[in-house]
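# Fold and geometry: a report
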Amino acid sequence: MPELPEVETVRLGIEPLAGVPIERARVARRDVVRDRAGKRHGAIEPAMLLAHDAIARTRRHGKQLALVGTSGVCVLVHLGMSGQLLVLDRGGRVAGGHAHVSWTLRDGRRLVFRDPRRFGGVWLLPDEDALDARWATLGPDAMRVTGAMLEASLARSRRAVKAGLLDQRALAGVGNIYADEALFDAGIDPHRACETLGGEEWDRLAVGIVGVLGDGLRRGGATLRDYRRPDGSAGQGARGHRVYGRAGLACLRCGQELARSEVAQRSTVRCARCQPALSG
DNA sequence: CGTGGCCCCTGTGGGC
DNA sequence: TGCCCACAGGGGCCAC
């Protein structure tokens, strides 16, 4: 569930840990930790997990979050579907288990990566060049996308436009929720092939993407299912959803019943009147 | 290469 | 009341 606004909210929650020395790092489940090549089960060097280091700063691209150590070592975190990064006070405990990686700071606080479904994970990268190389395979960050960028990466594709938005190599940060929201905002049918969109539509879509992501961020991320902010509280984002999770309910713009369908094996909700299919 | 489909995994909630 | 199962979905991988 975490998409860009949720990941950015997590990043902002982690930022106050910058500069605090990390006493030790502990891995409870080795298979959620991977090396640069994506291999699991490798010997895990404590320094690669920022032990005896400190977070110098945090970075984000799309849905990916990185802790950059003062040594230059980078810990890349994917939250996947159910991943959380929790900041616990001294003596604080993780409810519900599934705490796979834990960093103990000198001031007694702990940073914990928890992920019940393990679609997420932690990647250990030796330096920021490796991080940049990895992120270079992703599309532009959705928070700053423009119509021209979308057009450049998707306009020649025959895929459904929603499938294009979900492809992280084309656009980084949009998932199922905000794809539906942005397409509704732009008045574009999720099923339409990318190649049928015109320049003005790509512009509208970019405005919609930036708008719905900004709204989500201002609410502190969506509050559906597993997502929690680093302090454990739920976000408020679901209140702002206009189509996601509202199949069968009335369109908030025109009153028409919202329709459920499927695009790229993902549940999709749209208003057939506000997001018309191409006629003819 | 582009694209669609399957699968990984666990918690939840709806239906019976 | 309790059990079962469909569903939730990001992304890796594979087949065509």
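Residues numbered from 1 in each chain as written. Chains lettered and ligands numbered in written order. Predicted model: local features only at pLDDT ≥ 70, side-chain atom pairs only at ≥ 80, totals over all residues. Heavy atoms only, no water.

### Here we look at the overall build of chain A
Regarding its fold elements, chain A presents 6 helices and 11 strands. Against the compact-globule benchmark of 19 Å for 280 residues, chain A has a radius of gyration of 20 Å, which places it among compact chains. Within chain A, the fraction of its 280 residues that count as buried is 51%. Taking as baseline every contact in chain A between residues at least 6 positions apart, the subset at least 24 positions apart corresponds to 65%. As presented, chain A carries roughly 12500 Å² of accessible surface, and 48% of it is formed by carbon and sulfur atoms. Once the 43 positive and 32 negative side-chain charges of chain A are each reduced to a mean point, those two points are 5 Å apart. (Helix = DSSP H or I, 4+ residues; strand = E, 2+ residues; numbered from the N terminus. Rg over C-alpha atoms; globule rule 2.2 N^0.38 Å. Buried < 20%, exposed > 50% of the residue type's maximum accessible area, 1.4 Å probe, protein only. Contact = heavy atoms within 4.5 Å. Areas by Shrake-Rupley, 256 points an atom, 1.4 Å probe, with all protein chains shown as cover. Lys, Arg positive; Asp, Glu negative; His and termini not counted. Charge placed at Lys NZ, Arg CZ, Asp CG, Glu CD.)

### Some points on the packing of aromatic side chains
Enumeration over the complete set of coordinates arrives at 0 aromatic pairs. We note R253 situated over the ring of F184; from NZ or CZ to the ring centre the distance is 4.5 Å. (Phe/Tyr/Trp six-rings, centres within 6.5 Å; stacked < 30°, edge-to-face > 60°. Lys NZ or Arg CZ within 6 Å of the ring centre and 35° of its normal.)

### Thoughts on the protein's contact with DNA strand C
Taken together, 14 residues lie near DNA strand C, and R117, F119, Q168, Y244 and R266 sit nearest. Backbone atoms, meaning sugar and phosphate, form 48% of the atoms of DNA strand C found within 4 Å of the protein. Within the side chain of K63, a nitrogen or oxygen atom sits 3.3 Å from a phosphate oxygen of DNA strand C. Here a phosphate oxygen of DNA strand C and a side-chain polar atom of Y244 are 2.2 Å apart. Considered class by class, the residues forming the surface near DNA strand C number 4 nonpolar, 5 polar and 5 charged. (Near = heavy atom within 4 Å. Polar contact = N/O pair within 3.5 Å; in protein donor to acceptor, adjacent residues only side chain to side chain. Nonpolar A, V, L, I, M, F, W, Y, C, P; charged D, E, K, R; others polar.)

### Notes on the nonpolar core
Of all hydrophobic cores here, the largest spans 27 residues; its most connected members are L150, L165, W202, L205 and I209. Secondary-structure elements contributing two or more residues to this core are α3 (147–154), α4 (161–166), α5 (176–186) and α6 (199–218). The contact partners of I209, leaving out residues within four places of it in the chain, are A142, V145, L150, L165, L171, V174 and A182. The next biggest cluster of nonpolar side chains, apart from the first, holds 26 residues, and it includes L17, I22, L67 and V87. (Core = buried A, V, L, I, M, F, W, Y, C linked by side-chain atoms within 4.5 Å.)

### So, the packing of helix α1 (residues 4–14) against α6
Where α1 meets α6, the closest approach of the two axes is 8 Å, and the angle between their N-to-C directions is 40°. Of the possible angle classes, the one that applies to α1 and α6 is oblique. The hand of the α1/α6 crossing is right-handed. Along the contact surface, α1 presents L4, P5, E8 and T9, while α6 presents L213, G216 and L217. Among the residues making up the contact of α1 with α6, the classes are represented as 4 nonpolar, 2 polar and 1 charged. (Axes fitted to C-alpha atoms, helices over the stretch in contact; angles between N-to-C directions. Parallel < 35°, antiparallel > 145°, perpendicular 65-115°, else oblique. Left-handed = near helix turned anticlockwise from the far one by under 90°.)

### Focus on the domain arrangement of chain A
As assigned here, chain A comprises domain 1 (4–135) and domain 2 (142–270). Between the C-alpha centres of domain 1 and domain 2 the distance comes to 28 Å. (Domains from an automatic or database assignment.)

### Comments concerning the protein's contact with DNA strand B
Looking at DNA strand B, there are 10 residues lining it, with H98, P116, F119, R158 and R159 nearest. The protein-proximal atoms of DNA strand B, defined as those within 4 Å of the protein, are 56% sugar or phosphate. Take H98: an N or O atom from its side chain is 2.9 Å from a phosphate oxygen of DNA strand B. R158 has a polar backbone atom sitting 2.8 Å from a phosphate oxygen of DNA strand B.

### Topic: α1
The α-helix winds at 3.6 residues per turn, so residues separated by three or four positions along the chain end up facing the same way. Taking burial as the measure, the 11 residues of α1 include 9 buried ones, the bulk of the element. Buried residues of α1: L4, P5, E6, V7, E8, T9, V10, R11 and I14, and no others. Where α1 is buried, its residues contact β3 (55–61), β4 (64–69), β6 (84–88), β8 (110–114), α5 and α6.

### A short note on the environment of T146
Position of T146 relative to the elements: it lies in the loop between α2 (128–135) and α3. Along the sequence, T146 and G91 sit 55 residues apart, while their C-alpha atoms lie 46 Å from each other.

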